[in-house]
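Okay, here's what each chain looks like letter by letter:
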Amino acid sequence: MNKDLTVGRPETVLWKFCMPLFGSIIFQQLYNIADSFVAGKLIGESALAAVGNSYGITMLFIAFSFGCNIGCSVIVSQLFGAKDYRNMKTAVYTAMIASGAVCACLMLFGILGCSWLLTLIRTPQKIFVDSKAYLDIYIWGLPFLLFYNIATGIFSALGDSKTPFLFLAFSSTANVLVDILFVAVFHMGVEGVAWATFLCQGVSCVLSMWVVLGKLGQVQTDGRVPLFSSLLLKKLAAIAIPSILQQSFISVGNIIIQGVINGFGPGVIAGYSAAVKLNNLVVTSFTTLGNGISNFTAQNVGAGTYSRVREGFKVGVKMVWIIAIPIVLLYFFASGRLIWIFIDQPSQMALASGSQFLKIVPPFYFVISVKLVADGILRGAGMMAEFMTSTFTDLVLRVTLALLFSRQFGYMGIWCSWPIGWGIATVLSVVFYRRGPWKREMSMPAEKGGR
């Protein structure tokens with residue numbers, strides 16, 4: 001069901017819209033967590049290290065899917081909020097065509113360049129073959145990844161966060177079962193983990209595209225709708241390219257950090273792989289809630305109801321902090337037990353490094369969550385220069401400090417780079433948010449109801 005986010009009490013609207021998104025990302029992260037869990041428990045610590053080692057590279061591809069998702073979602077949200085349904089449909093078709101071209105280029109790069117990337121990050125010979133096998137299969141699933149993200153972006157733009165949640169709940173649960181089947185029964189090793197993700201994500205993509213095209217068909221428009229618009233492509237690119245660059249540079253930064261971590265050996269790689277999966281589950285959840293606030297912002301910017309945007313920021317911070325409290329407590333006080341979830345018999349180094357990460361980084365979720373809410377508003381309002389400035393500040397600080405601190409303090413220094421980068425970037429994001437077009441209304445009472 002399509003939902004107009006420009007009417008109704010902002011807090012009620014955002015809770016109803018964002019909670020299915022939060023549930024969706026939990027199931028989305030089950031793909032990666034399931035891969036790590038099955039690899040670590042049913043194959044061994046080296047297999048977990050191989051899957052975790054590949055993660056930084058897969059994030060490069062995910063960066064492009066994320067950018068396509070955000071570009072499509074923000075522009076379609078703005079057009080939906082403005083009730084410009086004809087251009088809204090054209091924007092969707094234009095995004096699909098452009099994403100197909102991007103996908104072909106990514107697959108070519110992945111097929112030709114994966115070995116080089118694995119060598120670049122100093123992948124230990126012990127896990128090189130498994131890492132490459134995982135990535136080779138992952139690359140062939142890129143069309144599913146990109147077009148699934150386009151579909152979820154459209155669902156969100158139309159105010160429908162429940163449908164993608166249902167798809168993900170089904171496909172992620174299936175992925176866990178197929179992971180176990182391929183590894184425990186068919187003994188396919190790391191390749192079985194990759195094929196399970198490929199198959200389940202493929203089914204999810206096909207179903208979601210089928211449903212979203214059906215939803216678009218129900219939106220009434222006059223005359224024939226153009227399938228492509230260069231003007232709309234420019235608008236989509238103005239949002240998508242900065243988002244892709246932002247995520248790509250973060251991925252490059254993560255690859256550099258992975259390279260530093262790889263210098264400490266397979267034990268630290270395995271410990272980091274387990275801990276960073278848990279970390280990414282949370283940060284990605286906050287990012288997804290920020291994306292929901294982007295849709296809320298974009299629809300209200302399209303409708304000209306700016307006072308609702310600043311109310312959305314307050315509600316967003318409340319939501320992410322409510323989520324952060326139990327997670328921070330769990331990660332901090334049960335860090336060792338959480339590492340055991342991923343590794344059946346963890347080495348002392350894997351257990352120590354992973355546990356230490358979960359004690360140092362999670363307390364700062366209260367900081368990074370505020371940044372991601374503010375970033376969601378900046379994206380939804382099209383303030384991409386400000387968004388990128390804040391994000392790159394975080395990235396440059398974390399990478400630089402990881403390189404410097406690792407020499408002085410070992411792998412613990414790498415973990416300490418996270419809070420510093422997050423803290424400074426959060427200040428920037430909040431300052432930029434307060435300078436938005438709703439600034440003139442900051443001193444006015446927030447709306448209680450609809451327009």
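What you see is a predicted model; the values in this text were computed from it and never measured.

### A short note on the environment of L245
Thought 1: Residue placement: L245 occurs in helix α8 (residues 230-262).
Thought 2: C-alpha of L245 to C-alpha of G265: the two residues are 20 residues apart in sequence and 30 Å apart in space.
Thought 3: Setting aside residues no more than four positions away along its own chain, L245 makes contact with M388 and F392.

### Remarks on helix α12 (residues 348-360)
Thought 1: Taking 1.5 Å of rise per residue, the 13 residues of α12 would be expected to cover 18 Å, and the 18 Å separating its terminal C-alpha atoms lies within 8% of that figure.
Thought 2: All buried positions along α12 are accounted for by A350, S353, G354, S355, F357, L358 and I360.
Thought 3: For α12, the elements touching its buried residues are α2 (45-81), α9 (266-303), α10 (307-333), α11 (335-342) and α15 (411-434).

### So, the packing of aromatic side chains
Thought 1: As enumerated under the stated definition, the model contains 20 aromatic pairs in all.
Thought 2: Ring centres of W321 and F366 lie 6.3 Å apart, and the angle between their planes is 80°; on these two criteria the pair is classed as edge-to-face. In this pair, W321 sits in helix α10 while F366 sits in helix α13 (residues 365-380), placing the two residues 45 residues apart along the sequence.
Thought 3: A residue is classified by how much of its surface remains accessible, and F366, at 27% relative accessible area, is partly exposed.
Thought 4: When the centroid spacing of 6.0 Å and the interplanar angle of 80° are considered together, the rings of F405 and F409 count as edge-to-face. Remark: F409 and F405 occur in helix α14 (residues 384-409); sequence separation between them is four residues, near one turn of the helix.
Thought 5: Grouping aromatic residues by their ring pairs yields a cluster made of F264, Y272, F357, Y411, W415 and W418.
Thought 6: Seen from the ring of F332, K359 lies directly overhead, with NZ or CZ sitting 4.7 Å from the centre.

### Overview of the nonpolar core
Thought 1: Counting 108 residues, the largest nonpolar core has F286, Y331, Y365, W415 and W418 as the members making the most contacts within it.
Thought 2: By residue number, the principal contributor to this core is α9, which donates 17 residues.
Thought 3: Non-local contacts of W418, meaning those with residues more than four positions away in its chain, are made with I257, Y272, N279, F357, V361 and R398.
Thought 4: In this structure, C103, L135, L142 and I255 belong to the second largest nonpolar core, which totals 18 residues.

### Quick notes on the pattern of salt bridges
Thought 1: On inspection of all chains with the given rule, the structure shows six salt bridges.
Thought 2: Here E11 ties to K318 by a salt bridge, and the two come within 3.0 Å at their closest N and O atoms. Of this pair, E11 sits in helix α1 (residues 10-43) while K318 sits in helix α10, placing them 307 residues apart in sequence.
Thought 3: Accessibility expressed as a relative area gives 17% for E11, which makes it buried.

### Focus: the packing of α9 against α12
Thought 1: In contact at an axis separation of 7 Å, α9 and α12 are set at 35° when each is read in the N-to-C sense. Crossing geometry of α9 relative to α12 is assigned as right-handed. Residue-level contacts link G267, V268, A270, G271, Y272, A275, L278 and N279 of α9 to M349, A350, S353, G354, F357 and L358 of α12.
Thought 2: Broken down by class, the residue content of the contact of α9 with α12 amounts to nine nonpolar, five polar and no charged.

Quick notes on the rules
Residues numbered from 1 in each chain as written. Predicted model: local features only at pLDDT ≥ 70, side-chain atom pairs only at ≥ 80, totals over all residues. Heavy atoms only, no water. Helix = DSSP H or I, 4+ residues; strand = E, 2+ residues; numbered from the N terminus. Contact = heavy atoms within 4.5 Å. Expected span 1.5 Å × (residues − 1). Buried < 20%, exposed > 50% of the residue type's maximum accessible area, 1.4 Å probe, protein only. Phe/Tyr/Trp six-rings, centres within 6.5 Å; stacked < 30°, edge-to-face > 60°. Lys NZ or Arg CZ within 6 Å of the ring centre and 35° of its normal. Core = buried A, V, L, I, M, F, W, Y, C linked by side-chain atoms within 4.5 Å. Salt bridge = Lys/Arg side-chain N within 4 Å of Asp/Glu carboxyl O. Axes fitted to C-alpha atoms, helices over the stretch in contact; angles between N-to-C directions. Left-handed = near helix turned anticlockwise from the far one by under 90°. Nonpolar A, V, L, I, M, F, W, Y, C, P; charged D, E, K, R; others polar.

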